[in-house]
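Coordinate analysis (summary)
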Amino acid sequence: AGHLCLDIIPQILTTTPIEPGQLVDTGPATLSTGGTVSNVGLALHKLGSEVTLVAKIGTDDFGKTISHLIKKFGVGLDKHLIRTNIGQTSYSIVISQPEKDRTFLHHPGCNHLFGTEDVRFESLPKADWFHFGYPPLMHRMFVNDGEELADIFRRAKQNGLTTSLDMSLPDANGESGRANWSAILKKVLPFVDFFMPSEEE
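Just so you know, these numbers come straight off a predicted model, no measurement behind them.

What counts and how
- Residues numbered from 1 in each chain as written.
- Predicted model: local features only at pLDDT ≥ 70, side-chain atom pairs only at ≥ 80, totals over all residues.
- Heavy atoms only, no water.
- Core = buried A, V, L, I, M, F, W, Y, C linked by side-chain atoms within 4.5 Å.
- Buried < 20%, exposed > 50% of the residue type's maximum accessible area, 1.4 Å probe, protein only.
- Helix = DSSP H or I, 4+ residues; strand = E, 2+ residues; numbered from the N terminus.
- Contact = heavy atoms within 4.5 Å.
- Pairing = 2+ DSSP bridges.
- Phe/Tyr/Trp six-rings, centres within 6.5 Å; stacked < 30°, edge-to-face > 60°.

1. Observations concerning the nonpolar core
- Counting residues in hydrophobic clusters, the biggest one holds 25 residues, and the most contacted among them are Phe114, Phe130, Phe132, Phe153 and Val188.
- Those elements that place two or more of their residues in this core are strand E7 (129–133), helix H3 (139–142), helix H4 (147–158) and helix H6 (181–188).
- Residues contacting Phe132, with those up to four places away along its chain left out, are Ala1, Gly2, Thr36, Phe114, Met138, Met141, Leu149, Ile152, Phe153, Ser164, Leu165 and Asp166.
- If you look at the next biggest cluster of nonpolar residues, it comprises 12 residues, including Val37, Leu69, Leu77 and Leu81.

2. Things to note about the sheet that holds E7
- Taken in spatial order, the three strands make up an open sheet running E7-E8-E9, and their pairing is parallel. Of all strands in the sheet, those bounded by a partner on one side alone are E7 and strand E9 (194–195).
- Pairing of strand E8 (residues 162–166) with E9 involves two bridges; the strand directions are parallel. Residue Leu165 lies in a different strand from E9, and its bridge partner there is Phe195.

3. Overview of the packing of aromatic side chains
- Tallied over the full model, the rule gives eight aromatic pairs.
- Ring centres of Phe132 and Phe153 lie 6.1 Å apart, and the angle between their planes is 70°; this geometry places the pair in the edge-to-face category. In this pair, Phe132 is assigned in strand E7 and Phe153 in helix H4, connecting sequence segments 21 residues apart. Across the pair, exposure class does not vary: Phe132 and Phe153 are buried alike.
- Taking the centre distance of 6.2 Å and the plane angle of 50° together, the rings of Phe142 and Trp181 count as tilted. A residue pair is termed long-range when its members are at least 10 positions apart, and Phe142 in helix H3 and Trp181 in helix H6 qualify at 39 residues.

This is the structure we're talking about:
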């Protein structure tokens, strides 16, 4: 459960730094699903696990594209995605030049609207493990010192699930970078079994 987006990945052929005002010839673009729901959920599905994907997407063309891409991996995998007509589906434009680290232009979109009511444990298939990802990219997960995030994990533990929390790097210049992550994690981590942020995080 958690963050899901559409990744738009143009093939960039030049290693020369891209300057403002340039027109840069590129190759074809790839469309892919991104975010922890896709990255972890679909990987586990490919490895043979039964997974339920819980995330919020729009009713716009980007949302329809995400649903279409996910259904390619298996019929019904998009069944528990929540569709909303409030806010655009989240997307990232991935700038990946040869021999350089990637840059992401990211719009969280309706991931910001994802909340406790979207994880209805009672109506989901019986599960053993609950994995949640990228709360720094989901507004309701970090406001109020993470009350909703803690509530989701509390309910997961009450349902007898093993839990894991997957982080992303907060934007140092944005609202998530100003959130009190020490306070948030103090509330959430008592209900988390596995927490392995990267060195940067």
